[in-house]
Amino acid sequence: MNRLICIFFGLIFITGCSVKSAQEKDKFVEGQDITTDNGMVVSAHPQSSRIGVSILQKDGNAVDAAVATEFALAVCYPEAGNIGGGGFMLIRTSDGKTDVIDYREKAPIHASRDMYLDKSGNVSEGLSTETHLASGVPGTVDGMIIAHSKYGKLPFKDVIQPAIDLAEKGFPVTRRQAEDFNSNRKSFLVRNSFRPAFVKDSLWKEGDILIQSALAETLKRIRDQGREGFYSGMTARLMIREMNRGNGIISEQDLKEYRSVSRIPLTADYKGFRIITVAPPSSGGIILIQLLKMTDPYPLSEWGFNSSKTIHLMVEAERRAFADRSEYLGDPEFVKIPVNQLVSKKYLIDRMSTFDEKRASFSQEIRPGSPEGYTSEETTHYSVVDAGGNAVAATTTLNNTFGNSIVVDSAGFLLNNQMDDFSVKPGFPNMYGLVGGEANSVQPGKRMLSSMTPVIVEKEGKLLLVLGSPGGSTIPTTVFQVIVNVLDFGMSIAQAVDAGRFHHQWLPDWISYEKHAIDSVSLEKLRDIGHILKERPSIGSVNAIMILPGGKKAGGADKRSNNSSCGY
Ligand code: GLY
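Residues numbered from 1 in each chain as written. Predicted model: local features only at pLDDT ≥ 70, side-chain atom pairs only at ≥ 80, totals over all residues. Heavy atoms only, no water.

Novice: How should I be thinking about the pairing of strand S3 (residues 28–31) in this particular structure?
Specialist: Looking along a regular strand, one sees the side chains alternate between the two faces of the sheet. The two faces of S3 match: Phe28 and Glu30 on one face and Val29 and Gly31 on the other face are all buried. Note: S3 against strand S22 (residues 564–567), three bridges, orientation antiparallel. Along S22, the bridge assignment pairs Gly31 with Ser565. (Buried < 20%, exposed > 50% of the residue type's maximum accessible area, 1.4 Å probe, protein only. Helix = DSSP H or I, 4+ residues; strand = E, 2+ residues; numbered from the N terminus. Pairing = 2+ DSSP bridges.)

Structure (structure tokens):
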């Protein structure tokens with residue numbers, strides 16, 4: 001059942017209350033599955049969702065709210081929210097125009113192909129994940145400034161101010177955050193030369209207040225100086241000093257030259273719906289479209305949700321899509337990617353020609369395909385829809401939880417460890433077990449391949465769904481399942497988000513699944529036809545909005561985490 005919380009001048013009343021506000025405009029509702037008439041923000045933390053909605057209520061549009069939410073996440077959700085990382089923002093304006101702001105990090109100019117290998121050519125453990133060398137040049141601040149300058153309506157200073165206030169005044173940490181800070185305590189202490197705000201004398205508990213004064217000062221410099229407040233001046237000097245302390249290689253020139261990129265979204269039709277998502281350097285959009293097209297010819301709704309037949313088909317498609325990822329995908333500015341061929345119907349029908357309804361394939365026998373004409377865990381997602389129908393789906397990350405756990409001294413923000421998303425050595429699995437080759441090798445100035453998959457779905461030219469998820473390699477398969485749950489199985493957005501999930505990524509060659517996602521009969525049938533199955537902790541954490549007939553917005557904040565829908 002929905003947990004409805006009505007907020008009135010900052011006082012919180014729990015469940016089902018109906019508080020009459022003197023200022024109707026400031027009234028909002030929040031919970032995990034809520035329905036509202038006007039705007040909505042669904043994100044990983046109640047504070048960031050509230051801040052996003054407060055911007056909508058000040059007549060900001062969806063992009064103003066998204067930028068405010070992103071900066072707020074950098075404060076209240078340091079596990080993945082960031083100014084030291086990067087991401088992808090998919091925008092659809094109410095007149096149907098679409099755009100992608102790619103603010104993915106880049107390899108520093110002094111990066112090199114074998115920088116994570118020792119003298120014998122072996123991967124040096126931890127170098128691409130736990131050190132200053134793990135960080136790519138951050139993209140978030142430039143991405144937010146570009147998104148706001150192209151689409152924002154309110155002044156930038158008004159949009160970033162709530163995040164500054166949140167950092168200065170502090171906020172109560174959730175139970176899960178208290179656990180995250182406590183379990184990461186040792187890394188924070190070992191990898192920093194000072195005691196970051198995330199470490200206290202005693203262990204954290206739910207409700208303790210986290211104040212981040214140094215981060216507030218950095219955000220003020222961004223408020224007052226725009227991109228110069230981050231990529232040059234005091235913040236840049238602090239970042240370079242931090243790099244020098246830990247033998248990192250991000251230079252003044254890297255910061256000065258970083259630019260986010262506006263890209264054309266990737267689109268496809270699926271059963272009469274239009275899927276809009278992101279192109280490389282994220283692999284997520286191509287994988288999602290391949291999965292939808294490979295499964296399109298089969299009667300999923302007849303086979304049923306998470307039946308053995310449905311799961312078998314979906315994982316066989318996943319196996320093939322991830323094999324292609326390993327071979328073909330990387331930064332389009334460095335490698336020629338046969339995008340059109342990889343998502344063509346002809347190629348994907350051919351790719352599934354070896355699908356056998358009665359037998360699992362072996363990943364060793366599935367090689368990347370040969371598209372015609374080709375020569376050669378922790379992330380976070382938020383969804384925003386404003387009252388006028390503009391929509392934003394944005395996924396942003398430091399890579400795994402708290403990035404490399406290194407906080408820029410006196411600047412208060414965490415650095416990413418996104419360099420691990422490169423293929424540091426052909427065939428060597430990264431932290432998500434993904435393997436890759438030359439297309440995703442380290443090169444100076446190159447963007448590392450991502451799996452982030454923000455998605456917007458249209459029905460008959462109108463906005464229907466806005467969604468995305470964290471989860472590294474499981475991101476595209478998670479959004480695939482949520483889309484299929486709504487479009488094929490007719491679930492509500494809350495049911496679709498809550499439903500149990502499974503995942504296959506070619507290598508390692510097994511299906512991972514959440515407890516209770518697959519019933520015992522289906523598990524047995526899948527094993528009988530040759531699948532290896534491994535139960536694992538939860539997969540993904542979706543934040544979605546669905547537009548209902550009549551125009552109301554339904555929020556689907558994943559109950560696997562402390563995610564929050566907020567609207568008015
Ligand atoms: N760092 C996770 C991703 O971009 O896929």
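From this point on, the discussion continues.
Novice: Looking at this model, I keep getting lost on helix H16 (residues 475–487). Mind explaining?
Specialist: In an α-helix, one full turn covers 3.6 residues, which means residues spaced three or four apart are oriented alike. With 13 residues, H16 should reach 18 Å at 1.5 Å per residue; the first-to-last C-alpha distance of 18 Å fits that figure. Of all 13 residues that make up H16, 13 are buried, and the element is covered over most of its length. (Expected span 1.5 Å × (residues − 1).)

Novice: I tried to follow the sheet that holds strand S11 (residues 266–270) on my own but got confused; where do I start?
Specialist: Across a sheet, strands are paired by hydrogen bonds formed along the backbone, either parallel or antiparallel in direction. In space, the seven strands of this open sheet follow the order S4-S21-S20-S16-S15-S12-S11, with antiparallel pairing throughout. Taken across any chain shown, the strands that pair with only one partner, and hence form the sheet edges, are strand S4 (35–36) and S11. Bridge count between strand S15 (residues 455–459) and strand S16 (residues 462–467): five bridges; the pairing is antiparallel. Looking at S16, one finds that Glu458 is bridged to Leu463. Packed on one face of the sheet, H16 meets S11, strand S12 (273–277), S15, S16 and strand S20 (543–547) and runs near 140° to S16. (Contact = heavy atoms within 4.5 Å. Axes fitted to C-alpha atoms, helices over the stretch in contact; angles between N-to-C directions.)

Novice: Just checking my understanding: could you explain the packing of helix H4 (residues 156–169) against helix H7 (residues 213–225) for this structure?
Specialist: Pairs of packed helices are described in terms of their axes, by the angle between the two and the distance that separates them. Packing of H4 against H7 leaves a shortest axis separation of 8 Å and a crossing angle of 170°. In terms of axis orientation, H4 runs roughly antiparallel to H7. The segment H4 lies against H7, with Phe156, Lys157, Ile160, Gln161, Ala163, Ile164, Ala167 and Glu168 engaging Ser213, Ala216, Glu217, Leu219, Lys220, Ile222 and Arg223. A class-by-class count of the residues in the contact of H4 with H7 yields eight nonpolar, two polar and five charged. (Parallel < 35°, antiparallel > 145°, perpendicular 65-115°, else oblique. Nonpolar A, V, L, I, M, F, W, Y, C, P; charged D, E, K, R; others polar.)

Novice: Is there a simple way to think about the site of the ligand in this case?
Specialist: Surrounding the ligand, one finds Arg104, Asn399, Gln418, Asp421, Tyr432, Ser450, Ser451 and Met452. Contacts to the ligand include Asn399, whose side-chain N or O atom sits 2.6 Å from a nitrogen atom. Coverage of the ligand by the protein chains reaches 99% of its 200 Å² of free accessible surface. Within the shell around the ligand, the residues separate by chemical class into two nonpolar, four polar and two charged. (Near = heavy atom within 4 Å. Polar contact = N/O pair within 3.5 Å; in protein donor to acceptor, adjacent residues only side chain to side chain. Areas by Shrake-Rupley, 256 points an atom, 1.4 Å probe, with all protein chains shown as cover.)

Novice: Which parts of the structure should I look at to understand the pattern of salt bridges?
Specialist: Should the charged atoms of two oppositely charged side chains come close, the side chains can pair. For the structure shown, the criterion picks out 36 salt bridges. A salt bridge links Lys552 to Asp37; the nearest nitrogen and oxygen atoms lie 2.6 Å apart. The partly exposed category is assigned to Lys552, whose relative accessible area is 39%. Residue class for Asp37 comes out partly exposed when judged on its relative accessible area of 47%. The salt bridge partner of Asp114 is Arg113, with a shortest N-O separation of 3.2 Å. Overlapping salt bridges bring together Asp102, Arg263, Glu333 and Arg447 as one network. (Salt bridge = Lys/Arg side-chain N within 4 Å of Asp/Glu carboxyl O.)

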